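The lines below spell out each chain.
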Amino acid sequence: MTETKVECNECHALVLPKIAAANGGLCAQCVKIPEKLRQERREYDKALSQGLLFVPSKNELESTQTPIERAQNNVSWELEPEFYKQQLSVMQVLKHAKSEALGHIFLISSLGSRLNVAFNGLYGVCEYQNEENGFFCYAYTADNLNSQVGDNAHLVQACPCCGVGMLWYPTRFHLPRSIAFEIVERVTGNDWPPYVKWLEYDDISYTEPGRG
Ligand SMILES: [Zn+2]
Ligand SMILES: [Zn+2]
């Protein structure tokens with residue numbers, strides 16, 4: 001006789017009643033995750049189902065940063081030397097990127113900030129980072145995507161030294177590809193586009209391809 005399985009309180013997987021009973025209503029996987037993390041996951045799922053993750057959070061909107069390069073007119077941007085082994089100019093890299101179906105661009109300013117770009121055929125994501133000031137920002141404009149990006153068009157944050165993928169960018173970071181390229185061109189030309197808000201981002205580690 002087969003026992004009627006019950007749902008795990010956390011992930012809704014079906015488990016044997018005696019396992020759920022032994023684990024306080026949880027499956028064998030969920031019981032291994034600390035309550036604090038399970039709670040974060042629940043809050044994330046709730047925010048996702050309510051569509052709250054497709055627009056900047058209140059925290060993010062209040063964190064608008066002014067890049068330190070903005071007030072300077074003698075800033076230069078160089079290629080991240082770990083990632084670009086060949087002797088190329090920023091202009092050459094940008095021109096090449098625009099002919100590619102997908103890729104990344106990693107730049108460093110003479111003041112030590114980073115401009116990291118991920119792009120595919122549809123979208124781009126621009127990140128501005130200044131470690132000294134603790135700025136980890138994404139470019140937000142009126143054109144950022146505000147409904148779920150499809151998993152085949154979802155962009156990944158990559159390591160600037162080796163290009164290896166790290167975290168998935170939330171949907172709201174995604175811009176039309178052409179705007180992402182325009183932002184990089186203008187920033188590297190010391191002409192920061194006024195339509196971009198640089199928002200310090202919340203924890204993005206729960207984002208999965210096509211989800212969040
Ligand atoms: Zn579970
Ligand atoms: Zn690396």
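Refer to the structure above for everything that follows.
Residues numbered from 1 in each chain as written. Chains lettered and ligands numbered in written order. Predicted model: local features only at pLDDT ≥ 70, side-chain atom pairs only at ≥ 80, totals over all residues. Heavy atoms only, no water.

### A word on the coordination of the zinc ion (ligand 2)
Distances from the zinc ion (ligand 2) to its protein donors, namely C159 (SG), C161 (SG) and C162 (SG), fall within the range 2.2 Å. For the zinc ion (ligand 2), the single-chain donor residues occur in sequence as C-x1-C-C. On the accessibility criterion, C159 (17% relative accessible area) is buried. (Donors = N, O, S within 2.8 Å, 3.2 Å for Na, K, Ca; no water. Buried < 20%, exposed > 50% of the residue type's maximum accessible area, 1.4 Å probe, protein only.)

### Focus: the coordination of the zinc ion (ligand 1)
Around the zinc ion (ligand 1), the protein contributes the donor atoms C8 (SG), C11 (SG), C27 (SG) and C30 (SG), at 2.2 to 2.4 Å from the metal centre. In this structure, the zinc ion (ligand 1) is coordinated by four donor atoms arranged in tetrahedral fashion, with angles at the metal of 105 to 111°. Summarised as a motif, the one-chain spacing of the donors to the zinc ion (ligand 1) is C-x2-C-x15-C-x2-C. You can see C8 sitting in the loop between β1 (6-7) and β2 (14-15) and its partner C27 sitting in the loop between α1 (17-22) and α2 (35-49), a full 19 residues away along the chain. As far as burial versus exposure is concerned, C8 and C27 are alike and both buried. (Tetrahedral: all angles 85-135°; square planar, octahedral: opposite > 155°, others 65-115°. Helix = DSSP H or I, 4+ residues; strand = E, 2+ residues; numbered from the N terminus.)

### Description of the packing of helix α4 (residues 90-98) against helix α5 (residues 177-188)
Running from N to C, α4 and α5 point in directions that differ by 175°, and their axes come no closer than 11 Å. Classified by the interaxial angle, the pair formed by α4 and α5 is roughly antiparallel. Counted together, V90, L94, A97 and K98 of α4 and R177, F181, V184, E185 and T188 of α5 form the full contact between these two elements. The class makeup of the residues in the contact of α4 with α5 is five nonpolar, one polar and three charged. (Axes fitted to C-alpha atoms, helices over the stretch in contact; angles between N-to-C directions. Parallel < 35°, antiparallel > 145°, perpendicular 65-115°, else oblique. Contact = heavy atoms within 4.5 Å. Nonpolar A, V, L, I, M, F, W, Y, C, P; charged D, E, K, R; others polar.)

### Observations concerning the pairing of strand β5 (residues 114-119)
Among the six residues of β5, five are classified as buried, and the element is accordingly described as predominantly covered. Note: strand β4 (residues 103-109) against β5, six bridges, orientation antiparallel. Across the sheet, the residue bridging to G103 is F119, located in β5. Joining the antiparallel neighbours β4 and β5 is a turn of four residues, in which G112 adopts a positive phi near 90°. Here β5 pairs with strand β6 (residues 123-130) via six bridges, running antiparallel. (Pairing = 2+ DSSP bridges.)

### So, the pattern of salt bridges
This structure, assessed with the given rule, holds 14 salt bridges. R41 is the partner of E208 in a salt bridge, and the nearest nitrogen-oxygen pair spans 3.5 Å. With E208 in the segment after β11 (197-200) and R41 in helix α2, the pair connects residues that are 167 residues apart, well separated along the chain. In this structure E208 comes out as partly exposed when scored by relative accessible area, which is 31%. As a salt-bridge pair, K58 and E62 come within 3.3 Å of each other at their nearest N and O atoms. Placement of the pair is K58 and E62 together in helix α3 (residues 58-62), with a separation of four residues, close to one helical turn. (Salt bridge = Lys/Arg side-chain N within 4 Å of Asp/Glu carboxyl O.)

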